[in-house]
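One-letter residues, chain by chain:
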Amino acid sequence: MRHVISILIENEAGALSRVAGLFSARGYNIESLTVAPTEDATLSRMTLVTRGSEDVIEQITKQLNKLLDIVKLIDLADASHVERELMLVKVSTSDETRGEINRLSDIFRGKIIDVTTNSYVIEMTGASDKLDAFVAALDADSIIETVRSGPTAMSRGENGLHL
Amino acid sequence: MELSGGQIVVQYLKDEGVEYLFGYPGGAVLHLYDAIFHQQDVKHILVRHEQGATHAADAYARATGKPGVVLVTSGPGATNAVTGIATAYMDSIPMVIISGQVPTAVIGSDAFQEVDMVGITRPCVKHNFLVKDVNDIAETMKKAFYVATTGRPGPVVVDIPKDITDPNIKVPYKYPKKIKIRSYSPPTKGHPGQIIKAVDLLLNAQRPVIYSGGGVVLGNASAELTEITHLLNYPITNTLMGLGAYPATDKQFVGMLGMHGTYEANLAMHESDFILAIGVRFDDRVTGKLAEFCPHATIVHIDIDPASISKTVKVDVPIVGDVKLVLNQMLSVLKEHKKRPSKKALSAWWSRIEQWRETNCLEFDRNSDVIKPQAVVEQLYQVTKGDAYITSDVGQHQMFAAQFYHFDKPRRWINSGGLGTMGFGLPAAIGVKLAHPEADVACITGEASIQMCIQELSTALQYKTPVKIINLNNRYMGMVRQWQEFSYESRYSHSYMDTIPDFVALAEAYGHVGIRVEKPEDVRPALEKAFALKDRTVFIDFITDRTENVYPMIESGKGHQEMTLRIAPGTPIDRELA
């Protein structure tokens, strides 16, 4: 099953490699990983998406908790949560296709953030499957490149992951 | 007090109460070595190879409970230490390894003797640090010792670039008395609700087994383990790492379990309906085939590491906590409890165990005209009155030591259980002898293992650590040969050496006493002579039976109930290459 693990980690050199190293050393898979400093400059927040049986996920969270750089973590699969991912897509355009791509982007609530005579860069956020659907809706030949942040997530309601 | 970085490291070690520093100098640690030169409090032990430093420090820790401390230079000094660091990590041994690093300005430039020590050791340390500011040394050292010695212990590396120890840069130093790490709070007491649940199950068991391991030794909980076992009159088995935590000569002890465990211990595990697992990690050498492990048992598991719980075997009642505190909690609940174990069920259970015991699964040919390795260990046990510290290398001799030296006290049995590091025994013996100069220390080894760290014979002479080396020389890598006999139709691929040194001459060349023993009747006199030479390191080269195997054996992929036993003493086995 897919699990989203939210992690508060010391904002220190090498902390990220401890997490990545743990996954490779123990043979766990990382589907995606996003990390950036928080409003508290000593901490970074990481969102890690992984897959595994319940036993494997239990070991993953226990082994992560043993890392000295990890201050706190929660498995968001335990509670209801929201997820958002950012994607940038560069597509080639022509006089014939520009209008259709523009309309499609509007339907998916995308924003065109760069325009040249024969290309668009479209910014889009949403749940990962919505981004998948947008990519599928585009003419595959028109896609020049895509980049995705991987999901970021937090739990619903008033409780949060903090010190 | 204003000190340079190098002086701070040494002053810190003194303030921390470190007695011995095992190390080897080199370019990146020269400032540190100069600081060592100016003091007498922390005694430096110069090894002959950095691997030896780590094993000696590790064994010092195992024998005393105090952290072992190592100092190595950057690059090859650091990489040579890695095997010893991984050895300590697998057996949860508290150790602090200080490694030199190239100056901060050239880190990452592939400088002379540069390796990414923090990167290389990441998977085999509890934690590691790179010190980038001389003002951080004292606090980082404090963190390193705190992390290494608390919770589930383990090795911690502190990597210090050369410029950080510069003698010309002095900063104020004060020993940091307390340290707090916000992301680290080792468990202490067990959850009271879980303790009550566990005690209820414990008292209702019909066919109980207590299965205890290295955690009891590390947690200094032998007295509590012994008390609870006696109170209940339940059978107890120890893992390889747990030997000595419960007195092996006690009648409730059914021997070691696992791959080369006793018939009675493994069958008791298989038939049990309740297991109290204490400070163990259900290692594959213990469990055998997981699907067939203890099929009828309810399992209570006490461990300080939550990640050890249900890692390989699902347990019913986990208790996370310090083993000594948890056992004391259990003891007080038990003593208050009105219920007592069913005498009838227990006596039926003990009579089954006694039947298994009658198999006498460890028996070997005592009338052989060649020296049996078991006989050597048995006589070593008698000559030392069971009171020696025994280190070992890895292989058949290690299993014979575990089976035939009956450890009644914890911290007497010093071996590399988890990583299985050949070369561990001799440097380990030196570390133990430094910790306990008055005690008898013997290293049980084989002609293959001993050659992996043989250079430390020179260290043993320099620091006058008179240890006795019991070399069970069967001219084979015995355990490899045994597996090849069992699983590869006796194709002994590279498990013997065509050239083996004259160990007697070698020992003498290193300034020690060498004795060769070729006949069974000469074993005992040689041992007596060796231990009578109190102030000499003695290397006894026992020429043993080439074809002896370790029994019982659970072959890989089999369960506890499928042990291979020695069919009959003296059964001829393949002697083609003998």
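The shown structure was predicted, so the numbers you read here are calculated from the model rather than taken from an experiment.

## Some points on the overall build of chain A
Secondary structure summary: chain A contains four helices and nine strands in total. C-alpha atoms of chain A, sized along the principal axes, occupy 55 × 35 × 35 Å. Residues counted as buried form 41% of the 163 residues belonging to chain A. Long-range pairs, those at least 24 residues apart, make up 73% of the contacts in chain A between residues at least 6 apart in sequence. Carbon and sulfur atoms make up 52% of the accessible area of chain A, which totals about 8,700 Å². Taking the average place of the 17 positive charges on the side chains of chain A and the average place of its 25 negative ones, the gap between the two points comes to 3 Å.

## Observations concerning the nonpolar core
Residues and elements named next belong to chain B. Counting residues in hydrophobic clusters, the biggest one holds 99 residues, and the most contacted among them are Met330, Ile470 and Ile540. Leaving out residues up to four positions away in the same chain, Met330 has contacts with Ile195, Ala198, Val199, Leu202, Ile228, Leu276 and Ile302. Membership of the second largest hydrophobic core comes to 37 residues, among which are Val9, Val131, Ala144 and Tyr173.

## Things to note about the side chain of B:Ser4
Position of B:Ser4 relative to the elements: it lies in strand β1 (residues 2–4). If sequence neighbours within four positions are ignored, B:Ser4 has contacts with B:Thr165, B:Asp166, B:Pro167, B:Ile169 and B:Lys170.

## So, the interface of chain B and chain A
On the chain A side, the residues contacting the 18 residues of chain B number 19 residues. Taking both partners together, chain B and chain A bury about 1,500 Å²; carbon and sulfur atoms supply 47% of that area. Of all residues in chain B, B:Arg122, B:Arg182 and B:Ser183 bury the most surface against chain A, accounting for 40% of the area lost on that side. At the junction of chain B and chain A, the tally comes to ten residue pairs in polar contact (both at pLDDT 80 or more). Residue composition of the side of chain B that touches chain A, by class: seven nonpolar, four polar and seven charged.

## Observations regarding the pairing of strand β2 (residues 32–37) of chain A
Residues and elements named next belong to chain A. The pairing of β2 with strand β3 (residues 43–51) spans six bridges and is antiparallel. Considered in β3, the bridge of Ser32 is made with Val49. Between β2 and β3, which pair antiparallel and follow one another directly, the connecting turn spans five residues.

## Observations regarding the environment of A:Ala137
All names here are of chain A. Relative to the helices and strands, Ala137 resides in helix α4 (residues 128–137). According to the relative accessible area criterion, Ala137 is partly exposed, its value standing at 39%. Sequence separation between Ala137 and Arg109 is 28 residues, and the spatial gap between their C-alpha atoms is 14 Å. In contact with Ala137, other than residues within four places in its own chain, are Leu104 and Phe108.

## Looking at the pattern of salt bridges
If you walk through the whole model with that rule in mind, you get 40 salt bridges over all chains. Residue B:Asp305 is joined to B:Arg152 by a salt bridge in which the shortest nitrogen-to-oxygen separation is 2.8 Å. Pair noted here: B:Asp305 is in the loop between β13 (298–303) and β14 (317–320) and B:Arg152 is in the loop between α6 (137–149) and β7 (155–161), with a separation of 153 residues, a long-range link. B:Glu548 is the salt-bridge partner of B:Lys372, the closest N and O atoms lying 3.0 Å from each other. Note that B:Lys372 is positioned in the loop between α13 (343–357) and α14 (373–383) and B:Glu548 in the segment after β20 (538–543), a separation of 176 residues in sequence. Because the salt bridges share partners, they merge into one network encompassing A:Arg2, A:Glu31, A:Arg51 and A:Glu83.

## What to know about unusual backbone geometry
All names here are of chain B. In this chain, Tyr551 is followed by Pro552 through a cis amide linkage whose omega measures -5°. Along the chain, Pro552 turns up in the segment after β20. In this structure, Asn233 takes a positive phi of about 60° despite not being glycine. By secondary structure assignment, the location of Asn233 is in the loop between α9 (222–232) and β10 (236–238). Judged by relative accessible area, Asn233 falls into the partly exposed class, the value being 32%.

## Re a nonpolar patch on the surface
All names here are of chain A. Taken together, the side chains of Leu86, Leu88, Ile113 and Val147 define a hydrophobic patch exposed on the protein surface, amounting to about 310 Å² of accessible area. Along the polypeptide, Val147 turns up in strand β8 (residues 143–148). Owing to a relative accessible area of 47%, Val147 belongs among the partly exposed residues under this scheme.

## Quick word on α14(B)
All names here are of chain B. Buried residues dominate α14, accounting for ten of its eleven residues. Where α14 is concerned, the buried positions are Pro373, Gln374, Ala375, Val376, Val377, Glu378, Gln379, Leu380, Tyr381 and Val383. In the core, the buried residues of α14 are packed alongside β15 (389–392), α15 (396–404), β17 (441–446), β18 (468–473), α20 (523–532) and β20. Backbone geometry just downstream of α14 places Lys385 in the positive-phi region, at approximately 55°.

## Structural notes on the environment of B:Arg152
Exposure remark for B:Arg152: the relative accessible area of 24% places this residue in the partly exposed category. Once the C-alpha coordinates of B:Arg152 and B:Ile304 are considered, the two residues, 152 residues apart in sequence, prove to be 6.1 Å apart. Residues within four places of B:Arg152 in sequence aside, it is in contact with A:Lys66, B:Ser92, B:Lys126, B:Arg281, B:Ile304, B:Asp305 and B:Ser308. Polar side-chain contacts of B:Arg152 include one of 2.9 Å to the side chain of B:Ser92.

## A word on the packing of aromatic side chains
Residues and elements named next belong to chain B. In total, this model carries 20 aromatic pairs over all chains according to the counting rule given. Considering the side-chain rings of Phe407 and Trp413, the 5.3 Å spacing of their centres and the 35° angle between planes classify their relative orientation as tilted. A relative accessible area of 3% means that Phe407 is categorised as buried. Measuring from ring centre to ring centre gives 6.1 Å for Tyr476 and Tyr496, while their planes differ by 85°; the resulting arrangement is edge-to-face. You can see Tyr476 sitting in the loop between β18 and α18 (478–487) and its partner Tyr496 sitting in the loop between α18 and α19 (503–509), a full 20 residues away along the chain.

## Observations regarding the sheet that holds strand β1 (residues 2–10) of chain A
Residues and elements named next belong to chain A. Taken together, four strands build an open sheet; the order of strands is β2-β3-β1-β4 and the sheet is antiparallel. The sheet terminates laterally at β2 and β4 (70–75), the two strands that pair on one side only. Across the sheet, the mean angle from the axis of one strand to that of its neighbour is 15°, orientation sign disregarded. The pairing of β1 with β4 spans five bridges and is antiparallel. The residue of β4 that forms the bridge with Ser6 is Ile74. Across the sheet, helix α2 (residues 54–66) is in contact with β1, β3 and β4; its angle to β1 comes to roughly 5°.

## Side note on the packing of helix α1 (residues 15–25) of chain A against α2(A)
Residues and elements named next belong to chain A. Two elements in contact, α1 and α2, have axes whose closest approach is 11 Å; the angle formed by their N-to-C orientations is 140°. By the angle between their directions, the pair α1 and α2 is classed as oblique. Crossing of α1 over α2 shows right-handed handedness. Along its contact with α1, which presents Val19, Leu22 and Phe23, the element α2 presents Ile60, Gln63 and Leu64. Grouping the constituent residues of the contact of α1 with α2 by class yields five nonpolar, one polar and no charged.

Calculation criteria
Residues numbered from 1 in each chain as written. Chains lettered and ligands numbered in written order. Predicted model: local features only at pLDDT ≥ 70, side-chain atom pairs only at ≥ 80, totals over all residues. Heavy atoms only, no water. Helix = DSSP H or I, 4+ residues; strand = E, 2+ residues; numbered from the N terminus. Buried < 20%, exposed > 50% of the residue type's maximum accessible area, 1.4 Å probe, protein only. Contact = heavy atoms within 4.5 Å. Areas by Shrake-Rupley, 256 points an atom, 1.4 Å probe, with all protein chains shown as cover. Lys, Arg positive; Asp, Glu negative; His and termini not counted. Charge placed at Lys NZ, Arg CZ, Asp CG, Glu CD. Core = buried A, V, L, I, M, F, W, Y, C linked by side-chain atoms within 4.5 Å. Buried area = accessible area lost by both parts, 1.4 Å probe. Polar contact = N/O pair within 3.5 Å; in protein donor to acceptor, adjacent residues only side chain to side chain. Nonpolar A, V, L, I, M, F, W, Y, C, P; charged D, E, K, R; others polar. Pairing = 2+ DSSP bridges. Salt bridge = Lys/Arg side-chain N within 4 Å of Asp/Glu carboxyl O. Patch = residues over 30% accessible without salt bridge, like charges linked within 9 Å, V, L, I, M, F, W, Y side chains within 5 Å. Phe/Tyr/Trp six-rings, centres within 6.5 Å; stacked < 30°, edge-to-face > 60°. Axes fitted to C-alpha atoms, helices over the stretch in contact; angles between N-to-C directions. Parallel < 35°, antiparallel > 145°, perpendicular 65-115°, else oblique. Left-handed = near helix turned anticlockwise from the far one by under 90°.

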